[in-house]
Amino acid sequence: MLIKIKLVIIAIASLYLVGCASPLTVEESAPNVKVSNDIDAISIAVLDQRPYVLNNDKEASFEGVVRSTFGIPYSYSTVTNEPMATFLGQRLEYGIEQNGVDVMQYDTTTATVLADLMAELNSDDRPSILIELNEWKYDFHAFADSSWYDVSVTVSDASGQNTITKQFVGENDIPDSGVIFNEMMQIYKARFEEIFSDPELTNVLKN
């Protein structure tokens, strides 16, 4: 009987996640990231540094958990099953490109060494953006829901000499007006738009 109850709970949670909606496309969920008109090319990289991903407790595609009525957590991946770094990087790349900037994205894995990645970014003669995901997940259940982020954003000018790193930490409630994967993409879009409205970051990029 308990097994049947668990299966029903999982089925209900899955219906909430999938529903009848189609996932938003990259184009629909990309943040509008504006950089200086003086910049015509830029390099970007997203590096997953979440501890539970690095120690293999969670897959690189892990996005968050949905809890049953009894609080049992069930892990869910990005809607495309891509690693979170890839998933976010594609949307950030598209969002920047829409403002007439040529974007070169560096692919990363959980084995990517931060120092090596920084050295590559600082030697390609382009301004660069590096985003480290220290925390990025959601926890959804019937009585409370939240999504958290803790990212370190490093921007450098084309010479690689003028660099700034800023940390952005926060928590967002998850609206219950739609399927969770689309709600989360809208949250991610708003996060990046807020981060890249920071004048300290944009000033380094254009110098």
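Numbers given for residues are sequential positions, taken from 1 along each chain in its written order. In view of the model being predicted, local features appear only for residues whose pLDDT reaches at least 70, and side-chain atom pairs are presented and counted only at 80 or more, with totals across whole chains, interfaces and linings using the full set of residues. Where side-chain values are given, they derive from all heavy atoms of the structure, hydrogens and water being excluded.

(A) Broad picture of the overall build of the protein. Put simply, DSSP H or I for four residues or longer makes a helix, DSSP E for two residues or longer makes a strand, and each gets a number counted from the N terminus. Scanning the protein for helices and strands turns up 7 helices and 7 strands. Burial status follows relative accessibility: with a 1.4 Å probe on protein chains alone, a residue under 20% of its type maximum counts as buried, one over 50% as exposed, and anything between as partly exposed. Expressed as a percentage of the 207 residues in the protein, the buried residues total 46%. Residue contacts are counted whenever heavy atoms from the two residues lie within 4.5 Å of one another. Summarising the internal contacts of the protein: among those between residues at least 6 apart in sequence, 65% fall at separations of at least 24. Counting only carbon and sulfur atoms, one obtains 52% of the accessible surface of the protein, whose full area is about 10,400 Å². Working definition of accessibility: Shrake-Rupley area with a 1.4 Å probe, residue cover restricted to the visible protein chains.

(B) Seen up close, the pairing of strand β7 (residues 163–172). As defined by bridge partners, strand β6 (residues 145–156) adjoins β7 across 10 bridges and the pair is classed as antiparallel. Residue pairing for β7: Ser152 is matched across the bridge by Gln167. The turn joining β6 and β7, which pair antiparallel and follow one another in sequence, is formed by 6 residues; a positive phi near 80° is taken by Gly160. Pairing between two strands requires that DSSP report at least two bridges joining them.

(C) Geometry of the nonpolar core. Judged by nonpolar contacts, the single largest core of 43 residues is most densely connected at Ile96, Ile129, Ile131, Trp136, Val153 and Phe196. Mapped onto this core, the elements with two or more residues apiece are β1 (41–48), α4 (84–97), β5 (128–140), β6, β7, α6 (180–195) and α7 (199–206). Of all the elements, α6 adds the most residues to this core, at 8 residues. Among residues more than four places away in sequence, those in contact with Val153 are Ile129, Leu130, Ile131, Ile164, Thr165, Lys166, Phe168, Ile195, Phe196 and Leu201. Residues grouped as a nonpolar core are buried Ala, Val, Leu, Ile, Met, Phe, Trp, Tyr and Cys residues, joined through side-chain atoms within 4.5 Å. Core analysis: the next-biggest nonpolar cluster, separate from the first, contains 7 residues, Ala45, Leu47, Tyr106 and Leu130 among them.

(D) Representation of unusual backbone geometry within the structure. Phi angles above zero are rare outside glycine, and Asn81 is one such case at about 65°. Among the structural elements, Asn81 can be located in the loop between β3 (73–77) and α4. On the basis of relative accessibility, which here comes to 56%, the residue Asn81 falls in the exposed class. Unusually for a residue other than glycine, Asp125 sits at a positive phi of about 65°.

(E) Representation of the packing of α4 against α6. Axis definition: a line fit to C-alpha positions, over the contact stretch in the case of helices; interaxial angles, taken between N-to-C directions, run 0 to 180 degrees. It is at 11 Å that the axes of α4 and α6 come closest, and there the two elements cross at 65°. Seen from above, α4 lies across α6 with right-handed handedness. Between α4, through Met84, Phe87, Leu88 and Arg91, and α6, the contact on the second element is made entirely by Met185, Tyr188 and Phe192. Classification convention: Asp, Glu, Lys, Arg as charged; Ala, Val, Leu, Ile, Met, Phe, Trp, Tyr, Cys, Pro as nonpolar; all other residues, Gly among them, as polar. Across the contact of α4 with α6, the residue classes tally to 6 nonpolar, no polar and 1 charged. The sense of a crossing depends on the near helix, which, turned anticlockwise from the far helix by less than a right angle, makes the crossing left-handed and, turned clockwise, makes it right-handed.

(F) Structural detail: the environment of Arg50. Mapping Arg50 onto the fold places it in the loop between β1 and α3 (51–54). On the accessibility criterion, Arg50 (0% relative accessible area) is buried. Among the polar contacts listed, one links the side chain of Arg50 to the backbone oxygen of Ala60, at a separation of 3.4 Å. Distance and chemistry together define a polar contact, namely a pair of N or O atoms within 3.5 Å, with one atom able to donate a hydrogen and the other to accept it when in protein, and with adjacent residues in sequence counting only for side-chain atoms on both sides.

(G) Region of the structure containing the environment of Leu205. Looking at the secondary structure, you find Leu205 in helix α7. On the basis of relative accessibility, which here comes to 3%, the residue Leu205 falls in the buried class. Taking the C-alpha atoms as reference points, Leu205 and Ile129, 76 residues apart in sequence, are found 8.5 Å from one another. Beyond its immediate chain neighbours, meaning those up to four positions away, Leu205 contacts Val35, Ile39, Ile42, Pro127, Ser128, Ile129, Val155 and Ser156.

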